[in-house]
Amino acid sequence: LPSIYIVEKYRNRRAITVYSAILSRIFFLLIAITPFIFPLDTGLQILIVSLMLHSAFAAVASTSWGPWMKDLIPQKKLGSFFAQRLRFTTAISILLSLGAALFLDFWKTRFHNQEIYGYSILFFMGFLAGMIGIYYLSITPEFRMEKIKGKINLPGIIKKPFKDRNYRNLLIFS
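Just so you know, these numbers come straight off a predicted model, no measurement behind them. (Residues numbered from 1 in each chain as written. Predicted model: local features only at pLDDT ≥ 70, side-chain atom pairs only at ≥ 80, totals over all residues. Heavy atoms only, no water.)

**Student:** For this particular structure, what's the right way to read the packing of helix α2 (residues 13-37) against helix α3 (residues 40-72)?
**Tutor:** Geometrically, a packed helix pair is captured by the angle between its two axes and the distance between the axes. Remark: α2 packs on α3, axes separated minimally by 8 Å, with the N-to-C direction vectors making an angle of 160°. One element, α2, and the other, α3, form an angle in the roughly antiparallel class. Along this stretch, α2 crosses α3, giving a crossing that reads as left-handed. Residues of the contact of α2 with α3, tallied by class, amount to 18 nonpolar, eight polar and four charged. (Axes fitted to C-alpha atoms, helices over the stretch in contact; angles between N-to-C directions. Helix = DSSP H or I, 4+ residues; strand = E, 2+ residues; numbered from the N terminus. Parallel < 35°, antiparallel > 145°, perpendicular 65-115°, else oblique. Left-handed = near helix turned anticlockwise from the far one by under 90°. Nonpolar A, V, L, I, M, F, W, Y, C, P; charged D, E, K, R; others polar.)

Following this line, the structure appears as structure tokens:
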């Protein structure tokens, strides 16, 4: 709900997406450096809080990213675009997961009792990949949202999708 309010209030989805994604990725960097700075018990607390904050900012970014992409991609190509994107990201995720597992196995054989630093390297690589992705998001065009007059009707905005029969069918199906 706060994400919807932010998008409706500021009406700049690219800026909201980019800044929220930057804040989200910064927590990957914090996770990566934590084992080098903090003792194990403190590091575990920082890990949990960092993952929660990463998820919170990622949720804000995705709330603004979805409608931005919907407006950017022609309606006729929307389904095929997202299907192709899903295929590509799934394939990349599988390959990167296997690569990460092989890296951690290699790390464990070379650096006994120091596996945590292998995970730090992976989180740092995730941070770098995320920042590269954010750069490309920042140069993606955006069709500006129309300015609204008066107060934001948050309950009305939330109720609007439920008036769409296809959306209700999707909810029932899923």
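**Student:** Mind showing me how you'd approach the packing of aromatic side chains here?
**Tutor:** Both the distance between ring centres and the angle between the ring planes are used here to describe each pair of aromatic rings. One pass over the structure, following the stated rule, counts nine aromatic pairs. Ring centres of phenylalanine 28 and phenylalanine 123 lie 5.4 Å apart, and the angle between their planes is 75°; on these two criteria the pair is classed as edge-to-face. A residue pair is termed long-range when its members are at least 10 positions apart, and phenylalanine 28 in helix α2 and phenylalanine 123 in helix α5 (residues 115-138) qualify at 95 residues. A relative accessible area of 17% places phenylalanine 28 in the buried class. Where phenylalanine 81 meets phenylalanine 82, the ring centres are 5.1 Å apart and the plane angle is 85°; that geometry is what we call edge-to-face. (Phe/Tyr/Trp six-rings, centres within 6.5 Å; stacked < 30°, edge-to-face > 60°. Buried < 20%, exposed > 50% of the residue type's maximum accessible area, 1.4 Å probe, protein only.)

**Student:** Sorry if this is basic, but what is going on with a positive patch on the surface here?
**Tutor:** Taken together, the side chains of Lys70, Lys159, Lys160 and Lys163 define a basic patch exposed on the protein surface. Mapped onto the elements of the fold, lysine 70 is located in helix α3. Residue class for lysine 70 comes out partly exposed when judged on its relative accessible area of 46%. (Patch = residues over 30% accessible without salt bridge, like charges linked within 9 Å, V, L, I, M, F, W, Y side chains within 5 Å. Areas by Shrake-Rupley, 256 points an atom, 1.4 Å probe, with all protein chains shown as cover. Salt bridge = Lys/Arg side-chain N within 4 Å of Asp/Glu carboxyl O. Lys, Arg positive; Asp, Glu negative; His and termini not counted. Charge placed at Lys NZ, Arg CZ, Asp CG, Glu CD.)

**Student:** Even after reading the chapter, I still don't get the pattern of salt bridges, so can you show me in this structure?
**Tutor:** Close approach of charged atoms allows side chains of opposite charge to pair. Going through the model one piece at a time under the given rule, you end up with two salt bridges. Note that aspartate 71 and arginine 13 form a salt bridge whose closest N and O atoms lie 2.6 Å from each other. Here aspartate 71 is found in helix α3, whereas its partner arginine 13 is found in helix α2, with 58 residues between them in sequence. On the basis of relative accessible area, arginine 13 is assigned to the buried category, the value being 3%. In this structure, glutamate 142 engages arginine 13 in a salt bridge whose closest nitrogen and oxygen atoms are separated by 3.2 Å. Here glutamate 142 is found in the loop between α5 and α6 (154-159), whereas its partner arginine 13 is found in helix α2, with 129 residues between them in sequence. For the residue pair glutamate 142 and arginine 13, the accessibility class agrees, reading buried in each case. One connected set of salt bridges, linked through shared partners, spans Arg13, Asp71 and Glu142.

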